[in-house]
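The lines below spell out each chain.
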Amino acid sequence: PNSSTTSSKLIPKKLKPKQEIYKDIFLNPNAYSDWTASQSKDEMTGNETFYIFTDWASPKYAISFPYAKTKSVIGIGCSKYGIVPYFNFTFKPNITKAVTKDGYNEIITRIKFDNTLENIKLRQDWGSKSIFIENVNAFLKSIENTNEITLELNWHGNSSVYFKYYTDETSQAIKSLKNKCGLK
């Protein structure tokens, strides 16, 4: 999905949230109630990528056809190359008010961390079901002590669409993920 070096090594082309689910989310079965963990392994290189995901979120208001059954998760993937947070969707998002670039769209929209409203810059590679966060460090810092996130997207034919994700215990989940990847 992402053409940058770090992202392309972290996220497989066919992103499948919750594949090979860890029952212990790396450490404790009930430790991070709003996060699920998984891992994938590149059969050719042996490189492992670890993920954590929120539960699937439906839009606050129904989206019109053909997107009516769209759901989304926040995913965070990491490997020895780094860490990448992103939003993944069941259907390819058709976002308006995006700036077309070479092979991707740049999206500037609003996001709410609990009650703190901010602007966020996102990147969607053409044809991708994933939307990547441009400022990784700022995003990770913002979600660490947040219980819920609301993302606003200007979806074709629907105006503003809102996805609410529950992110309780994010700080511990990210810490565990980074430890699994050998990152500090």
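Here, every reference points to the structure presented above.
Since we're looking at a predicted model, the values are computed, not measured. Each chain has its residues counted from 1, following the order in which its sequence is written. A pLDDT threshold of at least 70 governs which residues receive local features in this predicted model, and a stricter bar of 80 or more applies before side-chain atom pairs are shown or counted, although totals over entire chains, interfaces and linings include all residues. The basis for every side-chain value is the complete set of non-hydrogen atoms in the structure, without hydrogens or water.

1. A closer look at the overall build of the protein
- A run of H or I in DSSP becomes a helix once it reaches four residues, and a run of E becomes a strand once it reaches two; helices and strands are each numbered from the N terminus. In terms of helices and strands, the protein carries three helices and ten strands.
- Listing every helix and strand of the protein by position from the N terminus yields α-β-β-β-β-β-β-β-β-α-β-β-α.
- Buried, partly exposed and exposed residues are distinguished by accessible area as a fraction of the type maximum, computed with a 1.4 Å probe on protein chains only: under 20%, between the cut-offs, and over 50%, respectively. Taking all 184 residues of the protein together, 47% fall into the buried category.
- Here, two residues are considered to be in contact whenever any of their heavy atoms come within 4.5 Å of each other. Expressed as a percentage of contacts within the protein between residues at least 6 apart in sequence, the contacts between residues at least 24 apart total 56%.
- Residue-level accessible areas treat just the shown protein chains as cover; the underlying method is Shrake-Rupley with a 1.4 Å probe. Total accessible area computed for the protein in this model is approximately 9,900 Å², and 47% of it derives from carbon and sulfur atoms.

2. Thoughts on the nonpolar core
- In this structure, I76, F87, L122, F139, L153, W155 and Y165 are the most contacted members of the largest nonpolar core, which totals 37 residues.
- Apart from the residues within four sequence positions on either side, I76 is in contact with W35, F50, Y51, I52, I83, V84, P85, Y86, L140, I143, I174 and L177.
- To form a nonpolar core, buried Ala, Val, Leu, Ile, Met, Phe, Trp, Tyr and Cys residues must be joined to one another through side-chain atoms within 4.5 Å. Counting six residues, the second-largest nonpolar core is a separate cluster that includes Y51, F53, V73 and V84.

3. Some remarks on the packing of aromatic side chains
- Only Phe, Tyr and Trp rings are paired, with Trp represented by its six-membered ring, and only when their centres lie within 6.5 Å; those with planes under 30 degrees apart are stacked, over 60 edge-to-face, the remainder tilted. Using the criterion set out here, one finds ten aromatic pairs in the structure.
- Pairing Y86 with F132 gives two aromatic rings, centres 5.7 Å apart and planes at 45°, and the pair type is tilted. Residue Y86 is located in strand β4 (residues 82–89), and its partner F132 is located in strand β8 (residues 130–133); the two are separated by 46 residues in the primary sequence. The same class applies to Y86 as to F132, namely buried.
- One aromatic cluster is present, built from ring pairs that chain together Y67, F87, F89, F113, F139, W155, F163 and Y165.

4. Some remarks on the environment of K121
- Of note, K121 is situated in strand β7 (residues 116–125).
- With a relative accessible area of 37%, K121 lands in the partly exposed category.
- Taking the C-alpha atoms as reference points, K121 and E134, 13 residues apart in sequence, are found 5.7 Å from one another.
- Once residues within four sequence positions are removed from consideration, K121 is found in contact with E106, I107, I108, F132, I133 and E134.
- For this analysis, a polar contact is any N or O atom pair within 3.5 Å, provided that within protein one partner can donate a hydrogen and the other can accept it, and provided that sequence-adjacent residues contribute only side-chain to side-chain pairs. Of the polar contacts made by the side chain of K121, one reaches the side chain of E106; its length is 3.4 Å.

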